There are 2 protein chains.
Amino acid sequence: MSLIPKSHPRAKSLLIREKLVSGFDSGLVAKEGLLAQGRGEAFDYLLGEKTGKSAKTAIKAAAAQILLAKLSVISVNGNIAALCPKEVVRLSKQTGSKIEVNLFYSNEKRKNAIFKELKKNGAKEILGKNSAARATLSGIDSARRIVDKNGIFAADVVIVPLEDGDRTMALRKAGKIVITFDLNPLSRTSQTANITIVDNVTRAMELLIKNCIILSKKNKKTLKTILKNFNNKKNLSENINEIKNNLTKRSRIA
Amino acid sequence: MSLIPKSHPRAKSLLIREKLVSGFDSGLVAKEGLLAQGRGEAFDYLLGEKTGKSAKTAIKAAAAQILLAKLSVISVNGNIAALCPKEVVRLSKQTGSKIEVNLFYSNEKRKNAIFKELKKNGAKEILGKNSAARATLSGIDSARRIVDKNGIFAADVVIVPLEDGDRTMALRKAGKIVITFDLNPLSRTSQTANITIVDNVTRAMELLIKNCIILSKKNKKTLKTILKNFNNKKNLSENINEIKNNLTKRSRIA
């Protein structure tokens, strides 16, 4: 039973929080993942807890990029497995992207729980546990440097929701095109990725799948034009402006 | 041993995070407390992780208010016990404030761990566990409604670091003067308290104690003038402007 009083004005946000806490209880989420979710909540609060115009532009560009990829891989961590396992599997099936589990605070038990959760939600093939397929990305100190040679290591496009800055930089240095979801438009991940979706992943994943369905009917030239017209730095500036406008608006109401 | 790579550019912030995680492991901090810390981290990031000018003004007003109180009580939750137990005890001794443990997600085991941590850091008398002294604050759905009749219930000034909005409102309705630490200047707590210190509690507690030492040498008239010249709404607006300026500055560097 939920401990959250129904009268609480932020009950909805608290209920999403409980989802993470429950993911923690079932061994998907690391303690540090609860903290990371908290940071996301704060930035989402500043965004007004809705998908902004600039996020929609980034989502469309991301869809075009995924559809143009030779091999795209969705990198999954504990928080993603707790928040939107169904959407990961749907995106994978819709676009032929592979799924690979890659953790900052790695341990086998948690990795197994994440595999189980993804399988429960319909995933067939999941990479990240086959030690015979291990490859190493340089420039990363954490456990995240270990990747699958048939997955992230071979991919031209990597979708890394809720990412850390080190790995995003290492992936870029390895020549990957990086798509990320990050609610902080100023983070190193946001600034380093090729396409940054500044939005709550629970809202944005759904929209990304929709965009992939719509754009899969378009030809390559149209997709390339969408990508050519997208400028990540400009998009991030627009996100920062959206936050500043929200701060102004909210401080007037307060 | 810390799992955080030394090369990580946010190693300092990650080490504070580990303090909370360790507080969680020792039973002081609730899972929801880890999330709350994450939200604080995000707002602190936007403040540039330093004590701003407006926070310093609020800290000075808070010190004056505590010194003018008939009975001031410091309300302690799990996160405060994990982050700055020493400072709570020092503030209590410096100003004659009582210490009372009051939890949103209450359970006896966690309460005992918090009592133990405060005692380990030099606290003599701690309220919040004596069922014979129970009193009830109206307008709160959570366990936080239960207070000590010789503590928060009797106090004219209550210091509530890292507070929830419901309780802040209930304390105000009960006629208390509320001093809070909240990194989100837009939160209900921030907007409802009499004095809101928009700063990281680990930095601000230290400064508050210093201000109490300095102002304890002043007469009542001087303290009252400091309070009279303090306007919480105006101070919060200045905090919001500081965040907006930081966003502008950081988006230029990024």
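Placed above this text is the structure.
Reference entry: report on the structure contained in this document. (Residues numbered from 1 in each chain as written. Chains lettered and ligands numbered in written order. Predicted model: local features only at pLDDT ≥ 70, side-chain atom pairs only at ≥ 80, totals over all residues. Heavy atoms only, no water.)

Residue and element names in this part refer to chain A. Ordered by their spatial adjacency, six strands build an open sheet running β3-β2-β1-β6-β7-β8, and the pairing between neighbours is parallel. Either end of the sheet is taken by a strand with one partner, and the two such strands are β3 (126-127) and β8 (195-197). Judged from the three bridges that link them, strand β7 (residues 177-181) and β8 form a sheet pairing that is parallel. Bridge pairing in β8 places Thr 180 opposite Thr 196. On top of the sheet, helix α3 (residues 53-68) reaches β1 (72-76), β6 (157-161), β7 and β8; it is set at about 135° to β8, its chief contact. (Pairing = 2+ DSSP bridges. Helix = DSSP H or I, 4+ residues; strand = E, 2+ residues; numbered from the N terminus. Contact = heavy atoms within 4.5 Å. Axes fitted to C-alpha atoms, helices over the stretch in contact; angles between N-to-C directions.)

Bringing the state of the cysteines into the picture now. All names here are of chain A. Summed over all chains, the structure comprises zero disulfides over all chains. Cys 212 carries a free sulfur, and the closest cysteine sulfur to it, the one in Cys 84, is 14 Å from it. For Cys 212, a relative accessible area of 0% puts it in the buried group. (Disulfide = S-S within 2.5 Å. Buried < 20%, exposed > 50% of the residue type's maximum accessible area, 1.4 Å probe, protein only.)

This part covers the interface of chain A and chain B. Each partner contributes to the interface: chain A provides 40 residues, whereas chain B provides 40 residues. Counting the surface lost from both chain A and chain B, the interface buries some 3800 Å², and carbon and sulfur atoms represent 71% of this. At the junction of chain A with chain B, the criterion picks out four salt bridges. Close ionic contact of Asp25(B) with Lys31(A) constitutes a salt bridge, the shortest N to O distance being 2.8 Å. At the surface where chain A touches chain B, the tally comes to 10 residue pairs in polar contact (both at pLDDT 80 or more). Those elements that provide at least two residues to the side of chain A that touches chain B are α1 (11-25), α2 (31-46), α8 (188-192) and α11 (232-253) of chain A. Per element, the largest residue contribution to the side of chain A that touches chain B is 12 residues, and it comes from α2(A). Its residues assigned to classes, the side of chain A that touches chain B comprises 19 nonpolar, nine polar and 12 charged. (Buried area = accessible area lost by both parts, 1.4 Å probe. Salt bridge = Lys/Arg side-chain N within 4 Å of Asp/Glu carboxyl O. Polar contact = N/O pair within 3.5 Å; in protein donor to acceptor, adjacent residues only side chain to side chain. Nonpolar A, V, L, I, M, F, W, Y, C, P; charged D, E, K, R; others polar.)

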